[in-house]
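Report on the structure
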Protein chains: 2
Amino acid sequence: MKKTVLVFSGLILGIILFIRLSTYTILSGYSTLEFVIALIALVFFFIGMYLNKRSLGHLKKPQTKIDREKINTLGLSSREYEVLENISEGLSNKEIAEKLFLTESTVKTHVSNVLLKLNAKRRTQAVQIAKRFEIL
Amino acid sequence: MKKTVLVFSGLILGIILFIRLSTYTILSGYSTLEFVIALIALVFFFIGMYLNKRSLGHLKKPQTKIDREKINTLGLSSREYEVLENISEGLSNKEIAEKLFLTESTVKTHVSNVLLKLNAKRRTQAVQIAKRFEIL
DNA sequence: ACCATTTTGGTACTTAAGTATGAGCCGCTG
DNA sequence: CAGCGGCTCATACTTAAGTACCAAAATGGT
């Protein structure tokens, strides 16, 4: 953010200096004024794009908004979804059971239901499908 | 892309018209010229940012560049990495074996090595760790 | 209060995943 | 050329995952 501000103010100064100079030297006709302004507009346009790309590039997480509509469409219950989340974290059934204060047997039931509803054969596939559906 | 071009050219026209008018009306002193130009620069800066954000927003995949350095650091061989990729696709050992023309037994060896090198206990966890390391 | 769904849990079983260990083959490098 | 690392495959196990089927609470809406 510091860099951005520095670069930005530096460019503002540069532009102002450029104007100061151009008003007394290059700038003679009207068309030249328009050209200079168009150039400035273009330059700042691309600077805006560049800086934006940089700042967005720093965002590590894709921030995929969870499609709750889709979860309902698939018929996933809240508990089943909760289990699915933990599967994607790489937890085992036993670990999920401990985390959610359940028996492993209950977790297995939920997992089986999730696989059915997502039409997956394995938990790994379920995660992949869930991400395609943007519910994870 | 069509929209972008249209909006862009429209704005260029608008700016030129604005200049035409301002040169004969508002624009009287030097400071005003600078102000107008700064304004244009600012406007185009934000237009650039906005358009860039829009176009980047259409990208569905986060485009996480694969950190090949990290792969080497972890000591993952190319075959092991290939297996890891297929694990993240939700494939079973048997399916990976068929896809890569291997026996299931070889795939299991690779999987075991991957789990060791990623310090994971399960294939699901391996995928999660790999994504944190940005190698997937 | 009743019904549908969810949540929970169990048993019994099958299948997949993962570990340990050994071994042959190939290509590269000191 | 000996050796190392990577790739392949196998056997024998252990453990986790997943299926099928059932059933009792809990929950929530009409």
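Right above here is the structure, for reference.
None of the values given here were measured: they were computed from a predicted structure.

Observations regarding the protein's contact with DNA strand C
Residues in close proximity to DNA strand C total 18 residues, the closest being Ser77(A), Ser78(A), Ser105(A), Lys108(B) and Arg123(B). Among atoms of DNA strand C positioned within 4 Å of the protein, sugar and phosphate together represent 69%. Residue Ser105(A) places a side-chain N or O atom 2.7 Å away from a base nitrogen belonging to DNA strand C. Interatomic distance of 2.7 Å between a backbone N/O atom of Arg123(B) and a phosphate oxygen of DNA strand C. Secondary-structure elements contributing two or more residues to the surface near DNA strand C are α4 (78-88) and α6 (104-118) of chain A together with α6 (104-118) of chain B.

As for the packing of aromatic side chains
In total, this model carries 0 aromatic pairs over all chains according to the counting rule given. The cationic tip of Lys70(A) hangs over the ring face of Phe133(A); the distance from NZ or CZ to the ring centre is 4.5 Å.

Examining the protein's contact with DNA strand D
The local shell around DNA strand D holds 18 residues, among which Lys108(A), Arg123(A), Ser77(B), Ser105(B) and His110(B) are the closest. The sugar-phosphate portion of DNA strand D accounts for 69% of its atoms within 4 Å of the protein, the bases making up the rest. A distance of 3.2 Å is found between a phosphate oxygen of DNA strand D and a backbone nitrogen or oxygen belonging to Asn93(A). Between DNA strand D and the protein, one listed contact pairs a phosphate oxygen with a side-chain N or O atom of Ser78(B) at 3.1 Å. Secondary-structure elements contributing two or more residues to the surface near DNA strand D are α6 of chain A together with α4 (78-88) and α6 of chain B. Tallied by class, the residues present in the surface near DNA strand D amount to 3 nonpolar, 10 polar and 5 charged.

Concerning unusual backbone geometry
With a phi close to 60°, Asn119(A) is a non-glycine residue in the positive phi region. On the secondary structure map, Asn119(A) appears in the loop between α6 and α7 (123-132). In this model, Glu134(B) sits at a positive phi of 60°, which is unusual for a non-glycine residue. Considering the arrangement of structural elements, one finds Glu134(B) in the segment after α7 (123-132).

Thresholds applied
- Residues numbered from 1 in each chain as written.
- Chains lettered and ligands numbered in written order.
- Predicted model: local features only at pLDDT ≥ 70, side-chain atom pairs only at ≥ 80, totals over all residues.
- Heavy atoms only, no water.
- Near = heavy atom within 4 Å.
- Polar contact = N/O pair within 3.5 Å; in protein donor to acceptor, adjacent residues only side chain to side chain.
- Helix = DSSP H or I, 4+ residues; strand = E, 2+ residues; numbered from the N terminus.
- Phe/Tyr/Trp six-rings, centres within 6.5 Å; stacked < 30°, edge-to-face > 60°.
- Lys NZ or Arg CZ within 6 Å of the ring centre and 35° of its normal.
- Nonpolar A, V, L, I, M, F, W, Y, C, P; charged D, E, K, R; others polar.

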